Every structure is written in structure tokens, then in C-alpha cells.
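# Fold and contact review
Next come the chains, spelled out residue by residue.
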Amino acid sequence: MLRTRSRWLIADAFEKLGQPDSVATYLQLILEPPAYGNPDVFQRGLWEPFVRSRLVDLYASMGRMPEALREWDVLATTCPRPDRDFAARLDETRARLQAARAMRGERDR
């Protein structure tokens, strides 16, 4: 869990420095399973949707639509019935993704 928090904080720092590629790298590292031992599936279920949502937004803002869509597909599949608060976040993420796609002239799928 400490590793997850550290990587989130490092991603925040890179975001403040205006280095989106580094932000994406550290967020992706959070999603990697641990090199040893069993992952804490319960804890992962708590933070993984937030990481993926942030990645969708980040990739879309960077114009990296294939990556944004990949993360969105995983997020939408793994969160079919989110609670009310997270549902609102998903709606915002979906809207930003659709806006980014519209700016690039991509069709919805």
C-alpha cells in the first residue's frame, strides 16, 4: 500500500511540474501487480478505478486516444455499478473523453 501512495504522490509532483508522460508512467506503475507476493485484491479494488479514471483524462488531454480508450474500456468493464459519488466521476471522465474525441474528429464506439 505504501508503494501505491508513493507512486500517486510522485505522479502528483510530476503533474505540478507539467510532465504528463512521467505522470502516466507512475500511474501505470500503480496498476502493475507486485513483483513478489500476492496483490491485496481488496485494496486494489478501492484505488484502481481512480487511477484508471485519471489515466483516461490524462491520455485524452495528451492526445493519446488509443491509450485513453483502452483505460476507459477497462474502467467501464470493471465498474459496471459504481456508487453514486464514483458514478458522477465516471460521467465526468466519459464527458472529457468524448470531448477529446470530438476535437480530434473520432467516431464514438
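Scroll up a little and you will see the structure.
Residues numbered from 1 in each chain as written. Predicted model: local features only at pLDDT ≥ 70, side-chain atom pairs only at ≥ 80, totals over all residues. Heavy atoms only, no water.

### Focus: the overall build of the protein
Defined as follows: Runs of E in the DSSP output that reach at least two residues are strands. Runs of H or I that reach at least four are helices, and both are numbered from the N terminus. Any two residues whose heavy atoms approach within 4.5 Å are treated as being in contact. Residue exposure ignores everything except the shown protein chains as possible cover, and the areas themselves are Shrake-Rupley values with a 1.4 Å probe.
Within the protein, the secondary structure is distributed over 5 helices and 0 strands. Mapped in sequence order, the helices and strands of the protein form the string α-α-α-α-α. Of all intrachain contacts in the protein linking residues separated by at least 6 positions in sequence, the fraction that spans at least 24 positions is 56%. Split by element, the accessible area of the protein, about 7100 Å² in all, is 56% carbon and sulfur.

### A word on the pattern of salt bridges
Just so we agree on the cut-off: The term salt bridge refers to a side-chain nitrogen of Lys or Arg lying within 4 Å of a carboxyl oxygen of Asp or Glu. Note on classification: 1.4 Å probe, protein chains only; a residue is buried when its accessible area is under 20% of the maximum for its type, exposed when over 50%, partly exposed between these limits.
Scanning all chains against the criterion turns up 9 salt bridges. A salt bridge links glutamate 71 to arginine 70, with the nearest nitrogen and oxygen atoms 3.2 Å apart. We classify glutamate 71 as buried; its relative accessible area is 2%. For arginine 70, a relative accessible area of 42% puts it in the partly exposed group. For aspartate 91, the salt bridge is made with arginine 94, and the minimal N-O distance between the two is 2.9 Å. You can see aspartate 91 and its partner arginine 94 sitting in helix 5 (residues 84–103), 3 residues apart, about one turn around the helix.

### A short note on the side chain of arginine 54
Stated precisely, the cut-off is as follows: The definition of a polar contact used here is a pair of N or O atoms within 3.5 Å, where within protein one atom must be able to donate a hydrogen and the other to accept one, and adjacent residues in sequence count solely through side-chain atom pairs.
Within the element layout of this structure, arginine 54 appears in helix 3 (residues 41–62). A relative accessible area of 10% places arginine 54 in the buried class. Here glutamate 15 takes part through its side chain, which lies 3.2 Å from a polar atom of the side chain of arginine 54. The contacts of arginine 54, once residues within four sequence positions are left out, are Trp8, Ala11, Asp12, Glu15, Val23, Leu27 and Arg89.

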